[in-house]
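Single-letter residue listing:
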Protein chains: 2
Amino acid sequence: MQKVFQALSSQPRRKILAYLSATSLTAGEIAAYFDMSKPALSKHLGILENAGLIGREKKGQFVHYSLIPDNLTNTLTGFAQEVCPVTRPIRKDSEKIAEDNAEDNKK
Amino acid sequence: MQKVFQALSSQPRRKILAYLSATSLTAGEIAAYFDMSKPALSKHLGILENAGLIGREKKGQFVHYSLIPDNLTNTLTGFAQEVCPVTRPIRKDSEKIAEDNAEDNKK
DNA sequence: TAAGCATTTAGCTTATTAGTTAAATAAGCA
DNA sequence: TGCTTATTTAACTAATAAGCTAAATGCTTA
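Residues numbered from 1 in each chain as written. Chains lettered and ligands numbered in written order. Predicted model: local features only at pLDDT ≥ 70, side-chain atom pairs only at ≥ 80, totals over all residues. Heavy atoms only, no water.

### Describing the protein's contact with DNA strand D
Taken together, 23 residues form the shell around DNA strand D, and within it G28, Q61 and Y65 of chain A together with S37 and H44 of chain B come nearest. Considering DNA strand D, the proportion of its atoms within 4 Å of the protein that are sugar or phosphate atoms stands at 68%. Taking R56 of chain A, its side chain carries an N or O atom lying 3.1 Å from a phosphate oxygen of DNA strand D. For the surface near DNA strand D, the secondary-structure elements that each account for two or more residues are α3 (27–32), α4 (38–50) and β3 (62–67) of chain A together with α4 (38–50) of chain B. By residue number, the principal contributor to the surface near DNA strand D is α4 of chain B, which donates five residues. (Near = heavy atom within 4 Å. Polar contact = N/O pair within 3.5 Å; in protein donor to acceptor, adjacent residues only side chain to side chain. Helix = DSSP H or I, 4+ residues; strand = E, 2+ residues; numbered from the N terminus.)

Given below as structure tokens:
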């Protein structure tokens, strides 16, 4: 989860995911969309891969990258649900505080 | 959007949002949950506020912070949808239903 | 007014991140 | 083999982020 949110905190990396949303692309094809050196792009790809957001498949001298949607959507919707509606450990704490505060206000 | 993802890239900040999921809290109450100095916590709160994820209301000498869910959910679900047009978890459900139905039809 | 508490700002240090260029690895082909 | 292309790794620099302590701000209350 930390790795996913960390990976998503960079605009270039979010853009990479968007480029991969409909097709897989080679490292070079992706790099062509950015005004950035190839080593820099490669590093971004490594971070996304390490976060489990994209996968790589070597085909000859090319490396094809493709989206792994599960981890992304699970993390994003999971967190949105924890914070907005739904039950989770920290939310229990929050509810308890709310109760205590309500009781304090009665006095 | 950049500000939101940037804000969410920190575990303490995500935890703050979770603590605020069911109630508003003062800066001091929030700080009590973390092993971190109050100035450091205050900085995190400032980042979350600047990203439009939480709001502050001064009441006397206390500052009450509360969640602003809209920006969070809009950003997260918006991005998830941009990258994976149909979210994976629901599609999994759909696929499972299809399997079950196929099996039912055999009998 | 003075003292005390809650919170934030200032100034500083250290760690992490993002980018660069140059070199390494690995595959394809004359 | 030797040359070219695709990609990654290494080594480095500069900018950003996260934490600390000390001080400032602002409200409350004696």
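There is more to say, and it comes next.
### What to know about the interface of chain B and chain A
On the chain A side, the residues contacting the 34 residues of chain B number 32 residues. Carbon and sulfur atoms make up 69% of the area that chain B and chain A hide from each other, which totals about 2800 Å². Here chain B and chain A share zero salt bridges between them. Counting every contact that joins chain B to chain A gives four residue pairs in polar contact (both at pLDDT 80 or more). Considering every element that reaches the side of chain B that touches chain A, the biggest residue donor is helix α5 (residues 69–83) of chain B, with eight residues. (Contact = heavy atoms within 4.5 Å. Buried area = accessible area lost by both parts, 1.4 Å probe. Salt bridge = Lys/Arg side-chain N within 4 Å of Asp/Glu carboxyl O.)

### Details of the sheet that holds strand β2 (residues 54–59) of chain B
Residues and elements named next belong to chain B. Strands sit in the order β1-β3-β2 across an open sheet of three strands; the sheet is antiparallel. Edge positions in the sheet fall to β1 (25–26) and β2, since each has one partner strand and no second. In terms of strand pairing, β2 meets strand β3 (residues 62–67) through six bridges, oriented antiparallel. Bridging from a neighbouring strand, R56 pairs with Y65 of β3. (Pairing = 2+ DSSP bridges.)

### Things to note about the packing of aromatic side chains
The relative placement of two aromatic rings is captured by the distance of their centres and the angle of their planes. For the structure on display, the rule yields six aromatic pairs over all chains. Where Y19 of chain A meets Y33 of chain A, the ring centres are 4.2 Å apart and the plane angle is 25°; that geometry is what we call stacked. Of the two residues, Y19 of chain A sits in helix α2 (residues 11–19) while Y33 of chain A sits in the loop between α3 and α4, which places them 14 residues apart along the sequence. Overall, the relative accessible area of 28% leaves Y19 of chain A in the partly exposed class. Ring centres 6.0 Å apart and planes at 80° place the aromatic pair Y19 of chain B and F34 of chain B in the edge-to-face group. A residue pair is termed long-range when its members are at least 10 positions apart, and Y19 of chain B in helix α2 (residues 11–19) and F34 of chain B in the loop between α3 (27–32) and α4 qualify at 15 residues. In terms of burial, Y19 of chain B and F34 of chain B fall into one category: buried. Aromatic ring contacts, followed pair by pair, group Y19, Y33 and F34 of chain A into a single cluster. (Phe/Tyr/Trp six-rings, centres within 6.5 Å; stacked < 30°, edge-to-face > 60°. Buried < 20%, exposed > 50% of the residue type's maximum accessible area, 1.4 Å probe, protein only.)

### Some details on the protein's contact with DNA strand C
Lining the immediate environment of DNA strand C, one finds 22 residues, of which S37 and H44 of chain A together with G28, S42 and Y65 of chain B sit closest. Within 4 Å of the protein, atoms of DNA strand C come from sugar and phosphate in 71% of cases. One of the side-chain N or O atoms of K43 of chain A is found 3.0 Å from a base oxygen in DNA strand C. At a separation of 3.5 Å, a phosphate oxygen of DNA strand C approaches a polar backbone atom of V63 of chain B. Those elements that provide at least two residues to the surface near DNA strand C are α4 of chain A together with α3, α4 and β3 of chain B. In terms of residue count, the dominant contributor to the surface near DNA strand C is α4 of chain A (four residues). Among the residues forming the surface near DNA strand C, the class breakdown is eight nonpolar, nine polar and five charged. (Nonpolar A, V, L, I, M, F, W, Y, C, P; charged D, E, K, R; others polar.)

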